Amino acid sequence: MSEIIELLQSQNHLINLIRCNPQISKSELSNKLKLSWPTISSNVVALKTNSILDANEGICINPNFAHMVGISVGAAQIKFCIIDMNFRPLPHIKFLNLVENLALFEEGCKYMSQQNKQISNYIYFKTPNKLFELQRLLDDIIRDVCRIIEHQNEFSLNIVSLGITFTGAVDNINQRIIKSHNLEILSGKALGNIISPTRIDFFEQNGINIYMDNNSTSAAVAEKYNLYIPNNKNYKYRNKRNIMSIYLGAGIGAGLIFNNKHYRGATNFVGEIGHIEIPKFPNLEEKYIEPTCSCGSSGCLDFRIRNDVFEKTKTDFSNMDSTHIDSYFSDHPEKLEIFAYYLGYIVNLLNNVLNLDMIIFTGKFQKVIDRLWLLLTQQINNNALYYIANECQLTSSNLGATAPAIGVAICAYFDKIKTDIEW
């Protein structure tokens, strides 16, 4: 296995180019990597010999070479998916077949059935609001992951990594949640306090690494890779190099790609835009649904969105999905203007500082961005330094709330091969 890891490390740039450009030619690879054609040809042969690339004609990834598990723990829901070596979720039929044949995720299946939702290429669970219940549910999910691993040969799987992402400030090096504003019961908890040591031992014995990170940070990685899918509406933006992904869940956070590299900040706490103080919408009547945000502010972006726009408690807003939000704005168009004002302030601030060339709105933004477009553009045009945003493309994502689970599964792969994420 160590030889395969070394091969994945040494050929990471080549593999990633192929992943993002299926059926790329050897000549193109040679030009992009500035390597001779014979060197590229030799490397491709080695990757095909080790089944990392498809053995057939053409140059493309073998999707079944490796699989990674992603679990995102949000304030309202926990989502689970499995991705392949192309960093795409398992096809719906294969995922459903796995769940049904091994009788997995009973609690998630029941919860989705109650909501009249069908399992597609992921499954989700209601997040408990008590620590013990959350630990129990996560242990049930991890137990079923262990069962998948025990039976993976029957389903042509090869699970090499597990990624878990959480809301809040996450120390991904020491595997500890420093502060979770939207799921306070997890604040200060280390991975060993969340997952049973027995489960951790199982993964270690099977050579499977466990990686943990922040929801919004992970979502940015999924969004960047999603740009390279040809049938994606954002495919034309795949060459954007300075991207911010703004994720709306129970709160709002961001992930960053700078110069085609995943940026985490000095201590992995990048993107905490939800707790930036912003000015109140002009002439808005003061009305407090809750006294303050969990960060202690009554003027941060998170608080203003929940309080001024939706007039909901943190718990009630957590339970709204993108469909509920779209419906809410349909019934309350005056609130959309307030929402755009607050988002516009943050977008202008970020653009003034970072001069981005793309902002992707994901998570609960999925259905509302079309309604929001003109009003948000108006706020950007009102920026004194409006020209800074001239090259900044604003768009929504089709990944939505699944982005963190997919993203952390990708991050877990790179953690496995001890390589930074870049394109």
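To start, this report covers the structure provided alongside it. No experiment lies behind these values; they were computed from the predicted model shown. (Residues numbered from 1 in each chain as written. Predicted model: local features only at pLDDT ≥ 70, side-chain atom pairs only at ≥ 80, totals over all residues. Heavy atoms only, no water.)

### Notes on the pairing of strand β2 (residues 77-83)
The side chains of a regular strand alternate between both faces of the sheet.
Then step 1. Within β2, 6 of the 7 residues are buried, leaving the element largely enclosed by the surrounding structure.
Then step 2. Note that strand β1 (residues 67-73) and β2 share 6 bridges and pair antiparallel. Pairing of Ser72 across the sheet is with Lys79, part of β2.
Then step 3. The hairpin turn running from β1 into β2, its antiparallel successor, is 3 residues long.
Then step 4. With 4 bridges connecting them, β2 and strand β3 (residues 123-126) associate as antiparallel partners. (Buried < 20%, exposed > 50% of the residue type's maximum accessible area, 1.4 Å probe, protein only. Helix = DSSP H or I, 4+ residues; strand = E, 2+ residues; numbered from the N terminus. Pairing = 2+ DSSP bridges.)

### Thoughts on the sheet that holds strand β12 (residues 393-396)
Then step 1. Taken together, 5 strands build an open sheet; the order of strands is β10-β9-β8-β11-β12 and the sheet is mixed. Of all strands in the sheet, those with a lone pairing partner are β10 (261-263) and β12, marking the two edges. In this sheet, adjacent strand axes meet at a mean angle of 25° when their direction is disregarded.
Then step 2. With 4 bridges connecting them, strand β11 (residues 358-363) and β12 associate as parallel partners. Opposite Ile360, over in β12, you have Thr395 as the bridge partner.
Then step 3. Lying over the sheet, helix α10 (residues 215-226) contacts β8 (243-248), β9 (252-258), β10 and β11, oriented at roughly 50° with respect to β9. (Axes fitted to C-alpha atoms, helices over the stretch in contact; angles between N-to-C directions. Contact = heavy atoms within 4.5 Å.)

### Re empty space enclosed by the protein
Then step 1. Taken as a whole and judged by the stated rule, the model has 2 cavities of 30 Å³ or more.
Then step 2. A volume near 50 Å³ is recorded for the largest cavity.
Then step 3. Along the walls of the largest cavity sit Lys280, Leu284, Glu285, Glu286, Lys287, Tyr288, Ser298, Phe303, Arg304, Asn307 and Asp308, which together make up its complete lining.
Then step 4. Taken as a whole, the second largest cavity holds about 30 Å³ of empty space.
Then step 5. For the second largest cavity, the full set of lining residues is Leu138, Ile142, Ile164, Phe166, Ile194 and Ile195.
Then step 6. Only α7 (131-150) and β4 (159-166) provide two or more residues apiece to the lining of the second largest cavity.
Then step 7. Partitioning the lining of the second largest cavity into residue classes produces 6 nonpolar, no polar and no charged. (1 Å grid on protein atoms, 1.4 Å probe; cavity = no way out; pocket = protein on both sides within 12 Å on 5 of 7 lines; lining within 4 Å. Points joined across faces, edges and corners; volume = space filled by probe spheres on them. Nonpolar A, V, L, I, M, F, W, Y, C, P; charged D, E, K, R; others polar.)

### Focus: a nonpolar patch on the surface
Then step 1. On the surface, Tyr345, Leu349 and Val353 cluster together to form a nonpolar patch covering roughly 260 Å² of accessible area.
Then step 2. Note that Leu349 resides in helix α14 (residues 333-354).
Then step 3. Judged by its relative accessible area of 30%, Leu349 is partly exposed. (Patch = residues over 30% accessible without salt bridge, like charges linked within 9 Å, V, L, I, M, F, W, Y side chains within 5 Å. Areas by Shrake-Rupley, 256 points an atom, 1.4 Å probe, with all protein chains shown as cover. Salt bridge = Lys/Arg side-chain N within 4 Å of Asp/Glu carboxyl O.)

### Focus: the sheet that holds β1
Then step 1. Taken in spatial order, the 5 strands make up an open sheet running β3-β2-β1-β4-β7, and their pairing is mixed. Of all strands in the sheet, those with a lone pairing partner are β3 and β7 (209-214), marking the two edges. Sheet twist, expressed as the mean angle between neighbouring strand axes with direction ignored, is 15°.
Then step 2. Its contacts with the sheet put helix α6 (residues 106-114) on β2 and β3, and the angle it makes with β3 is roughly 85°.

### Observations concerning the packing of aromatic side chains
Geometrically, a pair of aromatic rings is defined through the distance of the ring centres and the angle of the planes.
Then step 1. One pass over the structure, following the stated rule, counts 24 aromatic pairs.
Then step 2. Among the aromatic residues, those joined into a cluster by ring pairs are Phe310, Phe317, Tyr328, Phe329, Phe339, Phe361 and Phe365.
Then step 3. For the cation-ring pair, Lys364 lies above Phe317, with the distance from its terminal atom to the ring centre recorded as 4.9 Å. (Phe/Tyr/Trp six-rings, centres within 6.5 Å; stacked < 30°, edge-to-face > 60°. Lys NZ or Arg CZ within 6 Å of the ring centre and 35° of its normal.)

### Focus on the pattern of salt bridges
Then step 1. In total, this model carries 13 salt bridges according to the counting rule given.
Then step 2. Of the charged contacts, one joins Arg136 and Asp140 as a salt bridge, the two residues approaching to 2.8 Å between their closest N and O atoms. With Arg136 and Asp140 both in helix α7, this residue pair falls 4 residues apart, about one helical turn.
Then step 3. Using a relative accessible area of 27% as the deciding quantity, one classes Arg136 as partly exposed.
Then step 4. Salt-bridge contacts for Asp144 lead to Arg143; the nearest nitrogen and oxygen are separated by 3.5 Å.
Then step 5. Each of the salt bridges in this network shares a partner with another, and the network as a whole consists of Glu107, Glu133, Arg136, Asp140, Arg143 and Asp144.

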